[in-house]
Amino acid sequence: MSQRPDLIGLGGDYINYADRDYMEPAADALAPLSAPQGVYGILGNHDDEHDMPAALGKNGVQMLKDARTRLTIRNEPIDLIGIRFWTKRLVDLAALTHGAAPTTILLAHDPRRLTEAAVLGVPLVLSGHTHGGQIVLPIVGAIAAQKFPVVAGRGERGRTTIFVSRGVGTIYLPVRINCPPEVAVV
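The present account deals with the structure reproduced in this document. (Residues numbered from 1 in each chain as written. Predicted model: local features only at pLDDT ≥ 70, side-chain atom pairs only at ≥ 80, totals over all residues. Heavy atoms only, no water.)

This brings us to the sheet that holds strand 10 (residues 153–157). As a general point, the strands of a sheet are linked pairwise by backbone hydrogen bonds and lie either parallel or antiparallel. Taking strand neighbours across the sheet as the criterion, the six strands line up as 4-5-6-7-11-10 in an open arrangement whose pairing is mixed. In this open sheet, the two strands that pair with only one neighbour each are strand 4 (67–73) and strand 10. Mean inter-strand twist for the sheet, computed between neighbouring axes without regard to direction, equals 20 degrees. Relative to strand 11 (residues 160–164), strand 10 runs antiparallel, the two being bridged by five bridges. When the sheet's bridge partners are listed, Arg157 is paired in strand 11 with Thr160. (Pairing = 2+ DSSP bridges. Helix = DSSP H or I, 4+ residues; strand = E, 2+ residues; numbered from the N terminus. Axes fitted to C-alpha atoms, helices over the stretch in contact; angles between N-to-C directions.)

Right under this line is the structure:
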């Protein structure tokens, strides 16, 4: 919050849906987040469809579950589109981007949505998960790089830019190797 962001995007995987006891505490930990243009969240593959969005929603997070909202920042319209992890088909993303403002931001948990975003001409994708990029081995690098086009930082495909945050948590093993947690300010 010391960076005074205009807008906050949460990239999903707040807890593992099997650990329901952590749902309210996780949502409460995010409750202090605020920004003039709002706090928006999307769902990841470890989130349930109902209880986690409800918990975040009651703390002020506007959940975008395959939805688009229009913001005006510095007198310019910006469409913010948020998709769930499971939304993958080009036709589904095309329906969300149809008629969107020239300045559009796609919040997509899965960095592989860069492919569809590039086909649709979406200028910016923000992804909140490295899907295993929390383990970066010497010489080998990020194991997740075998599967995902970008596991951390900035990447491009055509005229589409993606930024992938390494996040603060872990996946499968409760460890991070050569990958410090990050809250990205873009």
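Next comes the rest of the account.
What follows is about the pattern of salt bridges. The full count for this structure, using the stated rule, is 13 salt bridges. Among the salt bridges present, the one from Glu156 reaches Arg154, with a minimum N-O distance of 2.7 Å. (Salt bridge = Lys/Arg side-chain N within 4 Å of Asp/Glu carboxyl O.)

Moving on, we come to helix 1 (residues 23–30). The complete set of buried residues in helix 1 reads Met23, Ala26 and Ala27. Looking straight down helix 1, one finds that the buried residues subtend no more than 95 degrees of arc, so they occupy a single side. Where helix 1 is buried, its residues touch helix 2 (51–57). (Buried < 20%, exposed > 50% of the residue type's maximum accessible area, 1.4 Å probe, protein only. Arc of directions from axis to C-beta. Contact = heavy atoms within 4.5 Å.)

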